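Each chain, letter by letter, is given below.
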Amino acid sequence: MLHLLTPDEIFPSLPEVDLERLQRRGVRGLVLDLDNTLVAYGGREAAEPVLVWLREARAAGMRLCILSNGRPRRVRLTAERLGLPWVESYTKPRRRGFRAAARLLGTRPHETAVLGDQIFTDVLGGHRAGFVTVLVNPVSRRELPHTRVVRAIERLVFALLLRRGRIDREAWRLRTS
Ligand SMILES: [Mg+2]
């Protein structure tokens, strides 16, 4: 079970995700979480470094789409504003949405990476679908009350991953700083 919760890659934020590193792993498609990955929770505007990174990803030949558990209307409006295709809302970590995203991108699972801020939706669901999983820190501290509970459990999982040697201290520092 623990391997399903271990991100393949950890970066402090989306703009710091190393695209060349993902390409060396064979990744050609990126499935992006919305809330607290692309934009702050409940927000619609992405920060300038995120927009720059999206342009770089496109220029590098990456295919991109959004997969979010957020309200469909908000997901659609935000995706349109960012000029990104999106997958109709499914419930991560169920495989269905991830498979639909890979179909949309035209990539096979092992060529597809999910980028998100949560272990129990983005990382778990990505692994279940056979994706490369990339964890980033949340954009803001503002979250749903239930997400705060999830974060407390995530911290316990991270401590366990560190103890078992599944992540290194640097990754731990990135996540907890
Ligand atoms: Mg999120």
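Residues numbered from 1 in each chain as written. Predicted model: local features only at pLDDT ≥ 70, side-chain atom pairs only at ≥ 80, totals over all residues. Heavy atoms only, no water.

An unreviewed UniProt entry lists the protein under the name HAD family hydrolase, with Limnochorda pilosa given as the organism. Turning to the protein, the UniProt record has this under Cofactor (unreviewed entry): "Mg(2+)". (UniProt positions renumbered as here; feature names shortened; annotations may be inferred.)

**Q** Looking at this structure, how should I read helix α6 (residues 145-163)?
**A** Each full turn of the α-helix corresponds to 3.6 residues, which orients residues three or four apart in the same direction. When the terminal C-alpha atoms of α6 are compared, their 28 Å separation across 19 residues agrees well with the 27 Å that a helix rising 1.5 Å per residue should span. Looking only at α6, the buried set comprises T147, V150, R151, E154, V157, F158, L161 and L162. Seen along its axis, α6 keeps its buried residues to an arc of 130°; they face one direction. More than 90 degrees from the buried face of α6, the exposed residues found are P145, V149, R155, L156 and R163. One or two steps after α6, the chain reaches G165, where phi turns positive at roughly 75°. (Helix = DSSP H or I, 4+ residues; strand = E, 2+ residues; numbered from the N terminus. Expected span 1.5 Å × (residues − 1). Buried < 20%, exposed > 50% of the residue type's maximum accessible area, 1.4 Å probe, protein only. Arc of directions from axis to C-beta.)

**Q** Can you help me understand the pairing of strand β6 (residues 132-136) in this one?
**A** Successive residues of a regular strand alternate their side chains across the two faces of the sheet. Counting buried positions along β6 yields 5 of 5 residues, so the element is predominantly enclosed. Residues V132, V134 and V136 of β6 are buried on one face, and the alternating residues T133 and L135, pointing to the opposite face, are buried as well. One ladder, built from 3 bridges, connects strand β1 (residues 9-11) with β6; its direction is parallel. Residue E9 lies in a different strand from β6, and its bridge partner there is V134. Summarising the sheet, strand β5 (residues 112-116) and β6 pair through 4 bridges and their orientation is parallel. Among the inter-strand pairings, L115 is bridged to a residue of β6, identified as V134. Handedness of the crossover is the feature at issue here: the chain leaves β5, passes through helix α5 (residues 119-128), returns alongside β6, and the resulting connection is right-handed. (Pairing = 2+ DSSP bridges. Right-handed = clockwise from strand over helix to strand, strands pointing away.)

**Q** Teacher, can you tell me more about the packing of aromatic side chains here?
**A** Think of a pair of aromatic rings as described by two things: how far the centres are apart, and how the planes are tilted against each other in angle. Following the criterion strictly, the structure yields 1 aromatic pair and no others. Measuring from centroid to centroid gives 5.6 Å for F98 and F131, while their planes differ by 80°, and the two rings are edge-to-face. With F98 in helix α4 (residues 95-105) and F131 in the loop between α5 and β6, the pair connects residues that are 33 residues apart, well separated along the chain. Its relative accessible area of 0% is what places F98 among the buried residues. Overall, the relative accessible area of 5% leaves F131 in the buried class. (Phe/Tyr/Trp six-rings, centres within 6.5 Å; stacked < 30°, edge-to-face > 60°.)

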